[in-house]
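Architecture and fold: a report
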Amino acid sequence: MQRIKKIILVGLVLVFSYSLKAQPGYGQLAYEVALPSVTGDTIRLSSLRGKIVLLDFWASWCAPCRATNKKLVKLYPKYKSKGFEILSISVDDNLKDWKRAMEKDKVSWLGVIDKGSWEAPTAMKYNIDAIPTSFLVDKEGRIVAMDPSPKELEMILDKMLKG
């Protein structure tokens, strides 16, 4: 009986500790982001309330991330004037590589850097364990989608930005 109680207790501790590290989920408020942009200004996620925001975690050295950038470059102008914004959060360690990638990919949306790779504070807060990873945040700051493909993102934006 003691052994069963120990097993149950260990199981509960594991489940609880895993849930503490879980990514924010659907319907939850997105965690605040306050990071430096290419120009050095601090950009806050909370300053974008009232817009639909794609939080996009990426890095200059990540080939799938760079491919996603190319798709977002085509999609962004279509929805920007309707209340859509992208906040790209780079986990690069090298500022020059990050800025060069933003320029080469023709990124025209908001970009910030959270130096530190996988140990970057914002990446850890969001429990990022792979990139690209993205969260779609509604006008009230709640997460409404996670990792939508560009095609799915376009369908969601069409519905959310009608009118």
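Look up: the structure comes first, before these words.
Presented here is a report on the structure given in the accompanying data block. Within any chain, residue numbers begin from 1 and follow the written order of that chain's sequence. For this predicted model, a pLDDT threshold of at least 70 governs which residues receive local features, and a threshold of 80 or more governs which side-chain atom pairs are given and counted, while totals over whole chains, interfaces and linings are taken from all residues. Where side-chain values are given, they derive from all heavy atoms of the structure, hydrogens and water being excluded.

**Some words on the sheet that holds strand 3 (residues 52–58)**
- In this analysis, strands are considered paired if DSSP registers two or more bridges between them. The numbering of helices and of strands both runs from the N terminus, where a helix is a DSSP run of H or I of at least 4 residues and a strand a run of E of at least 2. The mixed open sheet is built from five strands, whose spatial order is 5-4-3-6-7. Looking at which strands have only one partner, the edges of the open sheet turn out to be strand 5 (110–113) and strand 7 (143–146). The sheet shows a mean angle of 20 degrees between the axes of neighbouring strands, taken without regard to direction.
- Taken together, the three bridges between strand 6 (residues 133–137) and strand 7 define a ladder with antiparallel strand orientation. Of the residues in strand 7, the one forming a bridge with Phe135 is Met146.
- Contact definition: two residues touch when any of their heavy atoms are within 4.5 Å. Helix axes are fitted to C-alpha atoms over the stretch in contact, other axes to C-alpha atoms as well, and angles between N-to-C directions run from 0 to 180 degrees. Along the sheet, helix 3 (residues 95–104) contacts strand 3, strand 4 (84–90) and strand 5; its crossing angle with strand 5, the most-contacted strand, is approximately 165 degrees.

**Thoughts on the environment of Glu154**
- Of note, Glu154 is situated in helix 5 (residues 150–160).
- Each residue's exposure class comes from its accessible area (1.4 Å probe, protein chains only) as a fraction of the maximum for that residue type: buried when under 20%, exposed when over 50%, partly exposed otherwise. Given the relative accessible area of 26%, Glu154 is considered partly exposed.
- With 75 residues separating them along the chain, Glu154 and Tyr79 place their C-alpha atoms 8.8 Å apart.
- Setting aside its immediate chain neighbours within four residues, Glu154 contacts Leu75, Lys78 and Tyr79.
- A distance of 3.5 Å separates polar atoms of two side chains, one belonging to Glu154 and the other to Tyr79. Any pair of nitrogen or oxygen atoms within 3.5 Å is treated as a polar contact; in protein, a donor-acceptor pairing is required on top of that, and neighbouring residues in sequence qualify only through side-chain atoms on both sides.

**Considerations on the packing of aromatic side chains**
- Aromatic rings from Phe, Tyr and Trp, with only the six-membered ring used for Trp, were paired whenever their centres fell within 6.5 Å, and each pair was classed as stacked if the ring planes differed by under 30 degrees, edge-to-face if by over 60, and tilted otherwise. A complete count under the given rule lists eight aromatic pairs for this structure.
- For the pair Tyr76 and Trp109, a centre-to-centre distance of 5.5 Å together with 70 degrees between the ring planes defines the contact as edge-to-face. Within this pair, whereas Tyr76 is found in helix 2 (residues 63–80), its partner Trp109 is found in the loop between helix 3 and strand 5, the two being separated by 33 residues in sequence. Of the two residues examined, Tyr76 and Trp109, each falls in the buried class.
- Three or more aromatic residues link up through ring pairs in this structure, and these residues are Tyr31, Phe57, Tyr126 and Phe135.

**A few points about the environment of Ser47**
- The residue Ser47 is located in the loop between strand 2 (42–44) and strand 3 in this model.
- Look at Ser47 and you get exposed, because its relative accessible area is 53%.

**Describing the state of the cysteines**
- The disulfide criterion is simple: two cysteine sulfur atoms within 2.5 Å. Taken as a whole and judged by the stated rule, the model has one disulfide.
- The disulfide partner of Cys62 is Cys65, and the gap between their sulfur atoms is 2.3 Å. Across the disulfide from Cys62 to Cys65, rotation about the S-S bond amounts to roughly 75 degrees, and the bridge is consequently right-handed.
- According to the relative accessible area criterion, Cys62 is buried, its value standing at 6%.

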